[in-house]
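# Observations on the three-dimensional arrangement
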Amino acid sequence: MQTASINICERMGRSQELSEFKCGTVIGCHLCNKSICEISLLLNIPQSNVSGIITKWKQLGTTTTQPPSGRPCKMTERSQRILKSTVCRSLQLSAESIAKNLQSLSGLQISTTTVHRELHEWVSMAEQLHPSLASPSAMQSVGCSGVKHSPTGL
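So, a few notes on the structure that sits alongside this text. Values in this document were obtained by computation on a predicted structure and should not be read as measured data.

### Considering the overall build of the protein chain
When helices and strands are tallied, the protein chain shows 8 helices and 0 strands. Within the protein chain, the proportion of its 154 residues that are buried is 25%. For the protein chain, the accessible surface area stands at approximately 10,800 Å², while carbon and sulfur atoms represent 56% of it.

### Regarding the nonpolar core
Core analysis: the largest hydrophobic core is formed by 12 residues, namely Met75, Ile82, Leu83, Val87, Ala95, Ile98, Ala99, Leu102, Ile110, Val115, Leu119 and Trp122. For this core, the elements supplying multiple residues, two or more each, are helix 5 (77-89), helix 6 (95-106) and helix 7 (112-129). Per-element accounting of this core gives the leading share, 4 residues, to helix 6. Ranked by size, the runner-up nonpolar core spans 10 residues in total, among them Val26, Ile39, Ile45 and Ile54.

### Remarks on the pattern of salt bridges
Summed over all chains, the structure comprises 1 salt bridge. For Glu77, the salt bridge is made with Arg81, and the minimal N-O distance between the two is 3.7 Å. Taken together, the residues span about one helical turn, with Glu77 and Arg81 both in helix 5 at a distance of 4 residues. Of the two residues, Glu77 and Arg81, neither departs from the other in class, the shared state being exposed.

### Details of the environment of Ile27
Mapped onto the elements of the fold, Ile27 is located in helix 2 (residues 20-31). For the pair Ile27 and Thr63, spaced 36 residues apart in sequence, the C-alpha to C-alpha distance is 8.9 Å. Look past the residues within four positions of Ile27 in its chain and what remains in contact with it is Ile53, Ile54, Trp57 and Thr63.

### A closer look at the packing of helix 5 against helix 6
At their nearest, the axes of helix 5 and helix 6 sit 10 Å apart, and the two run at 135 degrees to each other. What the angle tells us is that helix 5 and helix 6 run oblique. Along this stretch, helix 5 crosses helix 6, giving a crossing that reads as right-handed. Together, Arg78, Ser79, Ile82, Leu83, Thr86, Val87 and Arg89 of helix 5 and Ile98, Asn101, Leu102, Leu105 and Ser106 of helix 6 make up the contact between the two elements. When its residues are assigned to classes, the contact of helix 5 with helix 6 shows 6 nonpolar, 4 polar and 2 charged.

### Considering the packing of helix 3 (residues 36-43) against helix 4 (residues 47-60)
Closest axis-to-axis distance for the helix 3/helix 4 pair is 9 Å, and the angle between their directions is 115 degrees. Crossing handedness for the pair helix 3 and helix 4: right-handed. Taking contact as the criterion, the partners of Ile36, Cys37, Ile39 and Ser40 in helix 3 are, on helix 4, Gln47, Val50, Ser51 and Ile54. For the contact of helix 3 with helix 4, the per-class residue count stands at 5 nonpolar, 3 polar and no charged.

### Description of the environment of Val87
Mapped onto the elements, Val87 comes out in helix 5. By relative accessible area, which is 3% here, Val87 ends up buried. Separated by 32 residues in sequence, Val87 and Leu119 have C-alpha atoms that sit 9.2 Å apart.

### Section: the state of the cysteines
Two cysteines whose sulfur atoms are joined by a covalent bond form what is called a disulfide. The full count for this structure, using the stated rule, is 0 disulfides. Free cysteine: Cys29, not disulfide-bonded; nearest cysteine sulfur from Cys32 at 6.6 Å. Using a relative accessible area of 59% as the deciding quantity, one classes Cys32 as exposed.

Cut-offs applied
Residues numbered from 1 in each chain as written. Predicted model: local features only at pLDDT ≥ 70, side-chain atom pairs only at ≥ 80, totals over all residues. Heavy atoms only, no water. Helix = DSSP H or I, 4+ residues; strand = E, 2+ residues; numbered from the N terminus. Buried < 20%, exposed > 50% of the residue type's maximum accessible area, 1.4 Å probe, protein only. Areas by Shrake-Rupley, 256 points an atom, 1.4 Å probe, with all protein chains shown as cover. Core = buried A, V, L, I, M, F, W, Y, C linked by side-chain atoms within 4.5 Å. Salt bridge = Lys/Arg side-chain N within 4 Å of Asp/Glu carboxyl O. Contact = heavy atoms within 4.5 Å. Axes fitted to C-alpha atoms, helices over the stretch in contact; angles between N-to-C directions. Parallel < 35°, antiparallel > 145°, perpendicular 65-115°, else oblique. Left-handed = near helix turned anticlockwise from the far one by under 90°. Nonpolar A, V, L, I, M, F, W, Y, C, P; charged D, E, K, R; others polar. Disulfide = S-S within 2.5 Å.

So this is what it looks like as structure tokens:
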């Protein structure tokens, strides 16, 4: 009895995505009228994964991973770090010069609107974490008020 629980724990650990072959094997077993529990024991795959594979196959007709929905983010984690370091180094830059600097450093086409949006998110996040930072003098110490805003910006 104890060895079964050890095997279940070993088997249930986080792992990589299942191969197409293994997913196809799950579907083949399902088409041969095997239960989810039987397929799980036979292929050494958690029941939740077996159930998810069968559900995806019934709904989409495929077991391959679908691309994520929505528009991909323009600012990558790397470009956000570059933006943050640029703003912290020189507090008196305009949004246009920051955007040009980001374009040259990261190779991405980033507009001034994106720069404004990212900076606005930082200010909002800082105000939520510390309400005392809402004052202009406190925001200057954080480095958020040094960016020159255009009339249509922030």
